[in-house]
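As a plain string of letters, each chain reads:
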Amino acid sequence: MIRFHRLTKRYGTLTAVDDLTLEVRPGEVYALLGPNGAGKTTALRCLATLLTPTSGSASVFGADAVRDPLEVRRRIGFIAASMGLYERLTARELVAYFGNLQGLEGEQLDARVEELVTLFGIESFADRRCGRLSTGQRQRVSLARALVHDPPALILDEPTLGLDVLSGQTIYDFIVRERARGKCILFSTHQLQEVELLADRVGVLRGGELVAEGTPDDLVARTGAPNLARAFLALVTGPEQGGAA
Amino acid sequence: MSVWWIVFRKELKETIRDRRTLLLMVVVPVLLYPALLVVSEQILLFGQRRLQERASPVAVVGEAPAELLALVDSAQGLRRVTVLGDPEAAVRSDSVTAVAQVGREGAGGSRPVIVLYNGASDRSQLGRRELLRVLDAWRDTLLARRLLARGLPAGFARPLEVVDSSVARPEEVGGYAMGRILPLLLVVITMLGAFYPAIDLAAGEKERGTLETLLTAPVPPGSVVAGKFVTVALIAVVAAGLNLGSMILTFQTGVLEFSRGLGLEVSVSLRAVVLIFLTLIPLAVLFGALFLGMAVRSSSFKEAQNTLTPVYMLVLLPAMLPMFPGIDFSPLFAVVPVAGVSFFFRDLMVGHADFVTGALVLCSTVLYAALALLFAARAFGNEAVLFGAEGDDHGRSGWMDGLRGGERAGKVPDPRAAVFFVAGVAVLFFWFGVTLQVQLGERGLLVAEWLLLFVPALLFVRIGGYDVRRTLSLRSPGTRGAAGALLLVGGAVPVAWLIGWLQTFFLPIPWEILEGLEKLVTAETPGRLAWLLLLLAVTPALCEEVVFRGVLLGGTRRLDTWRVVLLNGIVFGAFHLSFQTAIRFLPTAWLGIVIAWAVLRSRSIWTGALMHLLNNGTIVLLASVPALREMFANPNAPPPLWLLPVAALSLVAGVRVLSSGRLRTDGEPTPEGSEEI
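What counts and how
- Residues numbered from 1 in each chain as written.
- Chains lettered and ligands numbered in written order.
- Predicted model: local features only at pLDDT ≥ 70, side-chain atom pairs only at ≥ 80, totals over all residues.
- Heavy atoms only, no water.
- Helix = DSSP H or I, 4+ residues; strand = E, 2+ residues; numbered from the N terminus.
- Buried < 20%, exposed > 50% of the residue type's maximum accessible area, 1.4 Å probe, protein only.
- Contact = heavy atoms within 4.5 Å.
- Areas by Shrake-Rupley, 256 points an atom, 1.4 Å probe, with all protein chains shown as cover.
- Buried area = accessible area lost by both parts, 1.4 Å probe.
- Salt bridge = Lys/Arg side-chain N within 4 Å of Asp/Glu carboxyl O.
- Polar contact = N/O pair within 3.5 Å; in protein donor to acceptor, adjacent residues only side chain to side chain.
- Nonpolar A, V, L, I, M, F, W, Y, C, P; charged D, E, K, R; others polar.
- Patch = residues over 30% accessible without salt bridge, like charges linked within 9 Å, V, L, I, M, F, W, Y side chains within 5 Å.
- Expected span 1.5 Å × (residues − 1).
- Pairing = 2+ DSSP bridges.
- Axes fitted to C-alpha atoms, helices over the stretch in contact; angles between N-to-C directions.
- Parallel < 35°, antiparallel > 145°, perpendicular 65-115°, else oblique.
- Left-handed = near helix turned anticlockwise from the far one by under 90°.

Peer 1: How do you make sense of the overall build of chain B when you look at a structure like this?
Peer 2: Check the secondary structure of chain B and you find 28 helices and four strands. Per-residue burial for chain B yields a buried fraction of 45% across its 677 residues. When contacts within chain B are restricted to residue pairs at least 6 apart in sequence, long-range pairs at least 24 apart make up 76% of them. Roughly 33,700 Å² of accessible area belongs to chain B as shown, and the carbon and sulfur atoms make up 67% of that amount.

Below is the structure:
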């Protein structure tokens, strides 16, 4: 279970995330939707222990991001478009390195790496250095990297940013497959099509605040808009509505 | 397997795969430096040989006897030519290398000979040397003839037979020669070895976004630093070790002709090599940690390079100290970072390092290395440093960005730009200001203040596109600010006086300069008094304030208060240093600190101008009013006792007035981590 409880993050006088409370249950895909600068990335980074919240808390299956960051990192797989790969390691070495850092060793590690190499179709370029891979290939290596320790929760920060349709499809397949395996999945996006395709529930962020939450159908119904796109537009541009439902 | 070890192995693997690192770690130290040494020696020798191959054209003019001419003609390296016209012009035009002007033998039995040569030409100096040799031979012949004529033994004119002989064994002389060059080279190679890996593993990782990836794995920040830093230090040590080995071999195999020619023998004892290597380790740790800690604060490879290069330059100076003759290794130098190591290497190579200084060098270097490591670890544990990009944009734009961007509201120079500007202005003022004063006298000082301080400061703010009002604190001080300034300056001036008096116990008083100053500030007529007040009180109060409490303070304001104030004082004091004396440093630095604080609190440069005006004006008035001068004239005497409690009261009151009450702010957001520079 992923939980945010009244999480606030300020940079000086700028409040990036304001009093965010939400939960993602096992087997559920939750989409954090919002325009640029709404605080999606900041919220996810607080959960991933990359940032320290100013107040409030974030936790993954009971492990608190501030008090026990290393335990949180063992329980999550984090993927963001801004994350890079070590260019002078081969794809296989890279996945193995992160497996190693997650505590896998010896034969167990080798077996896991091979499993992921097959799962993500990396075989043909597994021994090529990451610096020489195409964007789509890098994306697959990133997924394998994040999944190497088989974490119960996955956090994806705009995972399809800059990807073509084919690579985007890899991500969708990945999310659907991992949901079926009972994982908590939280991803941020500003693409409505992804939300419609994948999300069980949606939270809409605006200026750091969660202004609406529910299933995609809920949101459409509540705003009285003809479709999700209009509903989203109404939520992030219209006058302030009542807080999260 | 512990985490830092996993990180270390991976970093090492990646670093070794980087061609740049290999180049710096292996190729440069092992091949390049020895090769450079050999090649440069060959070029030198080649040049010398070429010079010697051709006989130098020389001329003999004046009353030259045939005997001398014959000697010159028979000398191997010389070719006698005749000079028509002015011999000096001939030497100057290089048509002849040296000319001997031989005079007539005088009454005392001595004949004057002047050898004309050109001290700025290698060819001419060689000709001169050969010519002098011939003249010596001729003198000996003449002397021998005279002695023979009087029946005296050859030793008569040589009462002393001096032979000097060095007690140093050839290997000691060799060590001495090597000890001059090698320490610097070793320090440089160690630094170079740490330089690129540190940037690559810190700023490079940030730039490529891999640091974020790494930190989503359960790795404690300490292990990340440890793994990275051991990699950097190891590469630095390996590079330095390889260089050490390769240099010793180069010297030993006798490839170098000059060492063979001098009979030098280069053999460094195994013990020395081991000790040198041991000392290299904390040095590499120091550089590795320092560079890592600095590089991680930069967001890109290029930025890190820009930040680290000045440090690199700065380290060269202490490393070069042992190269200068006459500087002895003392315990004081032993604890100076880098310098101690460099000296210790020299002594080890010469073969007389002593245990205590060696231990001192090792311990102090280990201490500095530990501090650097702490510094690096702090940076890696700080989210603002690691992901500080957000909300930090407006503070980061440099001076050059301003050149392109034009004025932006609220923009102030960043601390680096401000400090560089002030340093530049200080250099300008130092060189051209002195010239102006020499040529124009007092008016030169006036011109210098306005032209070299005031105008550049305005130009800097203008061209940099900074917000003029904010950068220069152009606000009214208000009654409170003015009152605080009056009280503060009333307290600060006597304290400056006290500091001035106290420091005479440590610093020599430059009496001549003080007298000159006193003469300068003493006015005899009212007209002169007015001029002096304009020159020495009003002008500095405006020109110097704009530079120090304007640009410098405006640019550094976002640092901690105590840093801003201290930096301002030190820079202001340093500005008043001169070649002759350091006596003005402490009192001016103190005044700079107080004024900077007052300007910071009141947010008005006029507070500073007022204080500066009052301080300088007081000095002129004190010196010019006879009754007062009697009381205060002697710089060697302490300030009158009654003044001190009054000053203390005034100071405390001033501080209270300025600290109480609401501080006006701009409502600007202060991004986290913006203190980190």
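Peer 1: Where do I start with the overall build of chain A in this structure?
Peer 2: Broken down by element type, chain A carries nine helices and 10 strands. Out of the 245 residues in chain A, the part that is buried amounts to 55%. Surface exposure of chain A reaches about 9,900 Å², of which carbon and sulfur atoms provide 48%.

Peer 1: In this structure, what is going on with the interface of chain B and chain A? I would like to understand it.
Peer 2: Accessible area lost on assembly of the parts is the figure often given for the size of an interface. Contact residues are listed per partner, giving 30 residues for chain B and 34 residues for chain A. With both chains or domains summed, chain B and chain A bury close to 3,200 Å², and 53% of this area falls on carbon and sulfur atoms. Interface area lost by chain B to chain A is led by Arg17(B), Thr216(B) and Pro218(B), which between them contribute 21%. Summed over the shared surface of chain B and chain A, the result is five salt bridges. Measuring nitrogen to oxygen at the nearest pair gives 2.6 Å for the salt bridge that ties Asp200(B) to Arg88(A). The interface formed by chain B and chain A contains 14 residue pairs in polar contact (both at pLDDT 80 or more). Breaking the side of chain B that touches chain A down by element, the ones donating at least two residues are α1 (3–16), α6 (170–208) and α7 (210–214) of chain B. In terms of residue count, α1(B) provides more of the side of chain B that touches chain A than any other element does, seven residues in total. Here the residues of the side of chain B that touches chain A are counted per class, giving 12 nonpolar, five polar and 13 charged.

Peer 1: Looking at this structure, I do not really get the pattern of salt bridges. What am I missing?
Peer 2: Under the definition given, this model contains 41 salt bridges over all chains. Note that Arg201(A) and Glu28(A) form a salt bridge whose closest N and O atoms lie 2.7 Å from each other. With a gap of 173 residues between them, Arg201(A) in strand β9 (residues 201–206) and Glu28(A) in the loop between β2 (14–24) and β3 (29–33) connect regions that are remote in the sequence. Overall, the relative accessible area of 8% leaves Glu28(A) in the buried class. Across the salt bridge formed by Asp136(B) and Arg139(B), the nearest N and O atoms sit 3.6 Å from each other. Taken together, the residues Asp136(B) and Arg139(B), both in helix α5 (residues 122–150) and three residues apart, mark about one turn of the helix. Residues participating in the shared-partner salt-bridge network are Asp150(A), Arg177(A), Glu178(A), Arg181(A) and Lys183(A).

Peer 1: Would you explain a nonpolar patch on the surface in this entry?
Peer 2: All names here are of chain B. On the surface, Ile-16, Leu-22, Leu-23, Val-26, Val-27, Leu-31, Leu-234, Val-238 and Leu-242 cluster together into a nonpolar patch covering about 650 Å² of accessible area. At the level of elements, α2 (19–53) and α8 (221–252) are the ones that each hand at least two residues to the nonpolar patch. Take Ile-16: it is sitting in helix α1. For Ile-16, a relative accessible area of 38% translates into the label partly exposed.

Peer 1: Hey, could you run me through α5(B) in this one?
Peer 2: Residues that lie three or four places apart on an α-helix share one face, since the helix turns once every 3.6 residues. Residue and element names in this part refer to chain B. With 29 residues, α5 extends 42 Å from end C-alpha to end C-alpha; this agrees with the ideal 42 Å at 1.5 Å per step. Here α5 has its buried residues at Ser-124, Leu-126, Gly-127, Glu-130, Leu-131, Val-134, Leu-135, Trp-138 and Leu-147. Where α5 begins, the capping side chain belongs to Ser-121, and its oxygen is found 3.4 Å from the backbone nitrogen of Arg-123. One or two steps after α5, the chain reaches Gly-151, where phi turns positive at roughly 70 degrees.

Peer 1: Which parts of the structure should I look at to understand the pairing of strand β4 (residues 55–60) of chain A?
Peer 2: For a regular strand, the rule is simple: side chains alternate between the two faces of the sheet. Residue and element names in this part refer to chain A. In this sheet, β4 lies alongside strand β1 (residues 2–11) in antiparallel orientation, the contact comprising five bridges. Its bridge partner being in β4, Thr-8 is matched across the sheet by Ser-55. With two bridges joining them, β4 and strand β5 (residues 63–64) adopt antiparallel strand pairing. If you follow Val-60 over to β5, its bridge partner there is Ala-63. Count of turn residues in the β4/β5 antiparallel hairpin: two residues, of which Phe-61 carries a positive phi of about 45 degrees.

Peer 1: Quick question: what am I supposed to make of the pairing of β3(A) here?
Peer 2: Residue and element names in this part refer to chain A. Most of β3 sits out of view: five of its five residues are buried. Burial along β3 is two-sided: the residues Val-29, Ala-31 and Leu-33 and Tyr-30 and Leu-32 are all buried. The pairing of β3 with strand β8 (residues 184–189) spans five bridges and is classified as parallel. Residue pairing for β8: Ala-31 is matched across the bridge by Phe-187. Across four bridges, β3 lies against β9 in parallel orientation. Residue Leu-33 lies in a different strand from β9, and its bridge partner there is Val-204.

Peer 1: Mind showing me how you'd approach the sheet that holds strand β3 (residues 98–102) of chain B here?
Peer 2: Sheets are built from strands paired through backbone hydrogen bonds, the pairs being either parallel or antiparallel. All names here are of chain B. In space, the four strands of this open sheet follow the order β2-β1-β3-β4, with mixed pairing throughout. The open sheet has two edge strands with one neighbour each: β2 (78–80) and β4 (113–117). Going across the sheet, the axis of each strand differs from the next one's by a mean of 25 degrees, ignoring polarity. Bridge count for β3 against β4 is five bridges, and the pairing is antiparallel. For Ala-98, the partnering residue across the bridge sits in β4 and is Tyr-117.

Peer 1: Explain the sheet that holds strand β7 (residues 153–157) of chain A here, please?
Peer 2: Residue and element names in this part refer to chain A. Here we have six strands laid out as an open sheet, ordered β6-β7-β8-β3-β9-β10, and mixed in their pairing. Only two strands of the sheet have a single neighbouring strand rather than two, namely β6 (76–80) and β10 (209–214). Each strand axis lies, on average, 15 degrees off the axis of its neighbour in the sheet, ignoring direction. As paired strands, β9 and β10 are joined by five bridges and run antiparallel to one another. Of the residues in β10, the one forming a bridge with Val-202 is Gly-214.

Peer 1: Explanation requested: the packing of helix α10 (residues 270–295) of chain B against helix α13 (residues 339–350) of chain B in the structure shown.
Peer 2: A pair of packed helices is characterised by two quantities: the angle between their axes and the separation of those axes. All names here are of chain B. In contact at an axis separation of 10 Å, α10 and α13 are set at 170 degrees when each is read in the N-to-C sense. In this view, α10 runs roughly antiparallel relative to α13, as classed from their interaxial angle. Mapping the contact onto sequence places Ala-272, Leu-275, Ile-276, Thr-279, Leu-280 and Leu-283 in α10 and Val-341, Phe-344, Phe-345, Leu-348 and Met-349 in α13. In terms of residue class, the contact of α10 with α13 is made up of 10 nonpolar, one polar and no charged.

Peer 1: What is the right way to look at the packing of helix α23 (residues 526–556) of chain B against helix α26 (residues 605–624) of chain B in this model?
Peer 2: Residues and elements named next belong to chain B. Orientation of α23 relative to α26, taken along the N-to-C sense of each, is 150 degrees, at an axis distance of 8 Å. By the criterion of interaxial angle, the relationship of α23 to α26 is roughly antiparallel. The interaxial crossing formed by α23 with α26 has right-handed handedness. Each residue belonging to the contact of α23 with α26 can be placed in one class, and the counts come to 16 nonpolar, six polar and three charged.

Peer 1: Hey, could you run me through helix α5 (residues 135–147) of chain A in this one?
Peer 2: With 13 residues, α5(A) should cover 18 Å at 1.5 Å per step; its first-to-last C-alpha distance of 18 Å lies within 8% of that length. Every buried residue of α5(A) is listed here: Gln137(A), Gln139(A), Val141(A), Ser142(A), Leu143(A), Ala144(A), Arg145(A), Ala146(A) and Leu147(A). Buried residues belonging to α5(A) abut β6, α3 (91–101), α4 (106–119), β7 and α6 (165–180) of chain A together with α7 of chain B.

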